[in-house]
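Read off the chains here:
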Amino acid sequence: MEQIKAEFIQALAAATTLEALEQVRVDFLSRKGSITTFSKSADFSKMTPEEKRGFGQRLNELKNFATTSLEEAKTKLSASAPRQRKIALDLTAPGKGGRVGALHPITMAQLELEDVFQGMGFSVLYGPEVESEYFCFEALNIPHDHPARDMQDTFWLKNQLILRTHTSANQVRTLKRFGAPIRAIFPGRCFRYESIDPSHENTFYQCEGLVVDKDVSVANLIAVMRLILSQVFKREVKVRLRPGYFPFVEPGFELDLNCLLCGGKGCSTCGDGWIELIPCGLIHPEVLRHGGIDPKEYSGFAFGVGLTRLAMMKYGITDIRYLNKGDLRVNEQFATFF
Ligand code: FA5
């Protein structure tokens, strides 16, 4: 019996988990455990009544000792388990640190443009991305069968509305709502069914501008374009103005920027050294009429800054596809610019 007790004490000392304690209980106290087996193996026929009593007493003492010791060990382990978990949470360990967010380069360019234009007394307005065919095309002098529709292939929704192909869709909306005189810009996202390359995306941003007042001329338009470019790029940039055709302006121009990525030598982004950046012109009288403005009394100019391309030029981004990727490694690089 002393031998079994010694073995039990040794097994108990080695058990450091609740599972191990349960195993000790099974090994010693269960029906097939060594204490029970030992008690069954005793030959009572050869014992005197006194010896039987002594054996039974010592056996009970051993069982009680084993049961109590196991209970105590279990209580101790259960009490220390939560403490162990607490130790695993080390409040002094250095934190993992959150990632600091940053504005997208297009947003930065947009906010900067808004700032410059607001400084010149322009209102900043936003129009819907899902547009009617009327505001996107017809009100801009592009009827259903006009060849200019081919220049801007779009996405049609099932309800006959479209995803706007240009922010010019806001021109007549705004004239109808606010009348003249007006000075406003409308930055926003546009969509075209387009082949994608380093300077063309199917989803991109423009910033439309509209000025309607008395005696507005091309000279005013050019002065505003010059001012914007100098404020946005904060250095001399080379531009060229050439005739451009848009049914909603007359005369119409293309204002191209000498590519800032290659210095005008020609690269995969610009092709020939120039990048189409701000088409513009004097608002066509028919568009003014659609907006409820009398073209004999008022004139105006409009322009459509290619905002995504402006961001590319400003921040040295060589491929437009980086901008819609949502790749934080790209976006994070511009966090300090703003
Ligand atoms: C227009 O969208 C006219 N609404 C601009 C306008 C406004 C003309 C007011 C006259 C008066 P265009 O299709 O060229 O024009 O686009 C204008 C600018 O948006 C381009 O110069 C270019 O910088 C940018 N752009 C056009 N298509 C894409 C494209 N797929 N991906 C990225 N930028 C584009």
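Residues numbered from 1 in each chain as written. Predicted model: local features only at pLDDT ≥ 70, side-chain atom pairs only at ≥ 80, totals over all residues. Heavy atoms only, no water.

Enquirer: Help me understand unusual backbone geometry, please; the structure alone is not making it clear to me.
Expert: In this model, A180 is joined to P181 through a cis peptide bond whose omega is 0 degrees. Turning to its location among the elements, P181 is positioned in the loop between α7 (170–178) and β4 (182–191). A positive phi angle, close to 75 degrees, is found at Q160, a residue other than glycine. When you line up the elements, Q160 lands in the loop between α6 (133–136) and β3 (162–163). On the basis of relative accessibility, which here comes to 55%, the residue Q160 falls in the exposed class. Of note in the backbone geometry, D215 takes a positive phi value of approximately 55 degrees without being a glycine. Its place among the elements puts D215 in the loop between β5 (203–213) and α8 (218–233). Relative accessible area serves as the criterion here: at 71%, D215 is assigned to the exposed category. (Helix = DSSP H or I, 4+ residues; strand = E, 2+ residues; numbered from the N terminus. Buried < 20%, exposed > 50% of the residue type's maximum accessible area, 1.4 Å probe, protein only.)

Enquirer: Looking at this structure, I do not really get the site of the ligand. What am I missing?
Expert: For the ligand, the set of nearby residues contains 25 residues, the closest of which are H166, S168, R192, E194 and E201. At 2.8 Å from an oxygen atom of the ligand is found a side-chain nitrogen or oxygen belonging to R192. One nitrogen or oxygen atom from the main chain of E276 is found 3.0 Å from an oxygen atom belonging to the ligand. Among the secondary structure elements, those contributing two or more residues to the shell around the ligand are β5, β8 (274–283) and β9 (299–306). (Near = heavy atom within 4 Å. Polar contact = N/O pair within 3.5 Å; in protein donor to acceptor, adjacent residues only side chain to side chain.)

Enquirer: Sorry, what's going on with the sheet that holds strand β1 (residues 123–124) here?
Expert: Hydrogen bonds along the backbone pair up the strands of a sheet, which may run parallel or antiparallel. What the 7 strands build is an open sheet, ordered β1-β4-β5-β9-β8-β7-β6; its pairing is mixed. The open sheet has two edge strands with one neighbour each: β1 and β6 (239–243). With 8 bridges joining them, β5 and β9 adopt antiparallel strand pairing. Counterpart to D213 in the pairing with β9 is S299. Packed onto the sheet, helix α5 (residues 105–119) meets β1, β4, β5 and β9 and runs at close to 170 degrees relative to β4. Along the sheet, helix α10 (residues 307–315) makes contact with β5, β7 (249–258), β8 and β9, crossing β9 at roughly 55 degrees. (Pairing = 2+ DSSP bridges. Contact = heavy atoms within 4.5 Å. Axes fitted to C-alpha atoms, helices over the stretch in contact; angles between N-to-C directions.)

Enquirer: For this particular structure, what's the right way to read a nonpolar patch on the surface?
Expert: There is a patch of nonpolar side chains on the surface, built from V130, L157 and L161 and spanning about 190 Å² of accessible area. Along the chain, the position of L157 falls in the loop between α6 and β3. (Patch = residues over 30% accessible without salt bridge, like charges linked within 9 Å, V, L, I, M, F, W, Y side chains within 5 Å. Areas by Shrake-Rupley, 256 points an atom, 1.4 Å probe, with all protein chains shown as cover. Salt bridge = Lys/Arg side-chain N within 4 Å of Asp/Glu carboxyl O.)

Enquirer: Would you mind showing me how to read the nonpolar core here?
Expert: Generally speaking, a soluble globular protein has its nonpolar side chains buried in company with each other. Within the largest apolar cluster, 46 residues are counted, with the highest numbers of intra-cluster contacts made by L113, F117, F303 and L310. Among the elements of the structure, α5, β5, α8, β7, β8, β9 and α10 are those that each provide at least two residues to this core. With 7 residues, the single largest contributor to this core is α8. With sequence-adjacent residues up to four places away left out, L310 is seen in contact with A109, L113, V232, F233, L277 and V305. Core analysis: the second largest hydrophobic core is formed by 25 residues, V172, I182, I283 and V287 among them. (Core = buried A, V, L, I, M, F, W, Y, C linked by side-chain atoms within 4.5 Å.)

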